[in-house]
Amino acid sequence: MDKRIIRYLLDELTPDERLEFLREVQSDRSLKAEFIACQNLHSLMSLSGDEKTEESRAGYVRFLELRQKRRFRILAFRSLKYASVLLLLVLCTHWVSTRYFLSGDSYSDTHTLYVPAGQRTCLTLHDGSVIWLNARSTLIYPTHFRGKERRVSLIGEGYFEIAPDASRPFVVSAAQVDMTVLGTKFNVYSYPELGYVQTSLLEGSLLVTSLESSSQVLLTPGDQVTVRSEELNLGKIKEGETFLWRDGIYSFEDERLGDIVRKLELYYDVRIFIKTAALAEIRYTCKFRQRDGIDEILRLISRIYPFDISKDRENNIITLY
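Cut-offs used in this document
- Residues numbered from 1 in each chain as written.
- Predicted model: local features only at pLDDT ≥ 70, side-chain atom pairs only at ≥ 80, totals over all residues.
- Heavy atoms only, no water.
- Helix = DSSP H or I, 4+ residues; strand = E, 2+ residues; numbered from the N terminus.
- Expected span 1.5 Å × (residues − 1).
- Buried < 20%, exposed > 50% of the residue type's maximum accessible area, 1.4 Å probe, protein only.
- Salt bridge = Lys/Arg side-chain N within 4 Å of Asp/Glu carboxyl O.
- Pairing = 2+ DSSP bridges.
- Axes fitted to C-alpha atoms, helices over the stretch in contact; angles between N-to-C directions.
- Contact = heavy atoms within 4.5 Å.
- Polar contact = N/O pair within 3.5 Å; in protein donor to acceptor, adjacent residues only side chain to side chain.
- Core = buried A, V, L, I, M, F, W, Y, C linked by side-chain atoms within 4.5 Å.
- Phe/Tyr/Trp six-rings, centres within 6.5 Å; stacked < 30°, edge-to-face > 60°.

Caption draft 1: Representation of helix H7 (residues 257–268) within the structure. A rise of 1.5 Å per residue sets the reference length of H7, with its 12 residues, at 16 Å; its end C-alpha atoms lie 16 Å apart and thus fit the reference within 8%. Of the residues making up H7, those classed as buried are Leu257, Gly258, Ile260, Val261, Leu264, Leu266, Tyr267 and Tyr268. Downstream of H7 by a residue or two, Asp269 has a phi angle that is positive, lying close to 55 degrees.

This is how it looks when you write it as structure tokens:
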């Protein structure tokens, strides 16, 4: 097991180490599978209230390492098939939590939800806020909000419908940008590979702050701000169906093929090269279902304005020319 997984789940990584690790998880398939399995187990075990001690930490580490062994994986898989065995698993999980995490304050009330390539998911938080996550996105959130604000962290793309609470503003952190709301609907596009954060407001009001420059802008419905380094560029949301990804539909309206390809790379965890600059500049208006998959989407795009496609499946590379 990669030791960084345990350090991540125990909140022992620095912010820089944490971000670097999550980026590597997105690019390394074997590490991603290992991480998802451990974080799901961690979420189950952290449901009980416990105190962080050296003994509990050592026991937790031993249990996670045991989880990686083949015999344990087979048992966990089979247990999902039978209700009686599932009940036994729940009881065992409670016993392990009690054994390795002593009673007291919550050992860890922070959870990490990662959405694999080609998928999307919806999560309802304890306060009633609803969050949709697009493919290859990560949300870090608490089980319960405490203190004077409700804060979550996002890597990737998320659509937020925030439950109003005038006494506790909701804050979304993405890269070096904070978005503060009381109750509103907005979309955040923040994949690290792209080097910018784009926020689009549909309802309510939203305060966007660049932590690098301390610059701020207050959005009203229909506004869209792109934060790149210390610059905030305010514009308007394009007319059309920009946020249909929540319904499993990717919609592109008069977009360059080069820009479409960059999004598809993120959504489907694949590298796509365009041989000629002229081909990258061609604009397309098109719509696809997420479940169509990258091969079918590129095939359909090539029918609008023809180009050839070659695939290197071993290295997960597609070339357009």
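Caption draft 2: Molecular detail of the pattern of salt bridges. According to the stated counting rule, one finds 17 salt bridges in the structure shown. Residue Arg256 is joined to Glu281 by a salt bridge in which the shortest nitrogen-to-oxygen separation is 2.9 Å. Taken together, the residues Arg256 in strand E14 (residues 249–256) and Glu281 in helix H8 (residues 277–281) connect sequence positions 25 residues apart. Its relative accessible area of 47% is what places Glu281 among the partly exposed residues. Beyond isolated ion pairs, a larger network of salt bridges with shared partners links Arg136, Glu193 and Asp269.

Caption draft 3: View of the sheet that holds strand E18 (residues 317–320). Here we have 3 strands laid out as an open sheet, ordered E15-E18-E17, and mixed in their pairing. The two strands at the open ends of the sheet, each matched to only one other strand, are strand E15 (271–274) and strand E17 (309–312). With strand direction ignored, the average angle separating the axes of adjacent strands in the sheet is 20 degrees. Note: E15 against E18, 4 bridges, orientation parallel. Residue pairing across strands places Ile272 opposite Ile318, the latter belonging to E18. In the packing of H7 onto the sheet, the strands contacted are E15 and E18, and the crossing angle to E15 comes to about 165 degrees. Relative to E18, helix H9 (residues 293–304) is tilted by about 0 degrees, and along the sheet it contacts E15, E17 and E18.

Caption draft 4: Unusual backbone geometry, seen in detail. Located in the positive-phi region is Ser214, a residue other than glycine, with phi close to 65 degrees. Here Ser214 lies in the loop between strand E10 (206–210) and strand E11 (216–219). Phi is positive for Asn316, which is not a glycine, with a value near 60 degrees. For Asn316, the location among the structural elements is in the loop between E17 and E18.

Caption draft 5: Spotlight on H9. Given a rise of 1.5 Å per residue, 12 residues ought to cover 16 Å, and the 18 Å separating the end C-alpha atoms of H9 matches this to within 8%. Residues Gly293, Ile294, Ile297, Leu298, Ile301 and Ser302 constitute the buried set of H9. Those residues of H9 hidden inside the fold are in contact with H7, E15, strand E16 (283–289), E17 and E18.

Caption draft 6: Molecular detail of the side chain of Ser137. Secondary-structure assignment places Ser137 in strand E4 (residues 137–142). Within the local environment of Ser137, its side chain forms a polar contact with the backbone oxygen of Asn134, the two atoms lying 2.9 Å apart. For Ser137, the contacting residues outside a window of four places in its chain are Leu113, Tyr114, Val115, Ile155, Gly156, Glu157 and Tyr191.

Caption draft 7: Layout of the nonpolar core. The biggest cluster of nonpolar side chains holds 32 residues, and the ones touching the most others in it are Leu264, Ile272, Ile301 and Leu320. Mapped onto this core, the elements with two or more residues apiece are E14, H7, E16, H9 and E18. At 7 residues, H7 tops the list of elements feeding residues into this core. Beyond its immediate stretch of four places on either side in the chain, Ile301 contacts Leu257, Ile260, Tyr284, Cys286, Phe288 and Phe307.

Caption draft 8: Examining the side chain of Glu255 more closely. Within the secondary structure layout, Glu255 lies in strand E14. Exposure remark for Glu255: the relative accessible area of 13% places this residue in the buried category. Sequence-distant contacts of Glu255, defined by excluding residues within four places in its chain, comprise Lys238, Ile260, Lys263, Ile282, Arg283 and Tyr284.

Caption draft 9: Just the environment of Arg228, in detail. Mapped onto the fold, Arg228 is located in strand E12 (residues 223–228). With sequence-adjacent residues up to four places away left out, Arg228 is seen in contact with Gly195 and Tyr196.

Caption draft 10: The packing of aromatic side chains, seen in detail. One pass over the structure, following the stated rule, counts 8 aromatic pairs. Their ring planes at 70 degrees and their centres at 5.8 Å tell us that Phe145 and Phe170 sit as a pair that is edge-to-face. Within this pair, whereas Phe145 is found in the loop between E4 and strand E5 (150–161), its partner Phe170 is found in strand E6 (residues 170–174), the two being separated by 25 residues in sequence. Pair check on accessibility: Phe145 and Phe170 agree, each one buried. Between Tyr189 and Tyr196, the aromatic rings sit 6.2 Å apart at their centres with planes inclined by 35 degrees, giving tilted as the arrangement. In this pair, the class of Tyr189 matches that of Tyr196, namely buried.

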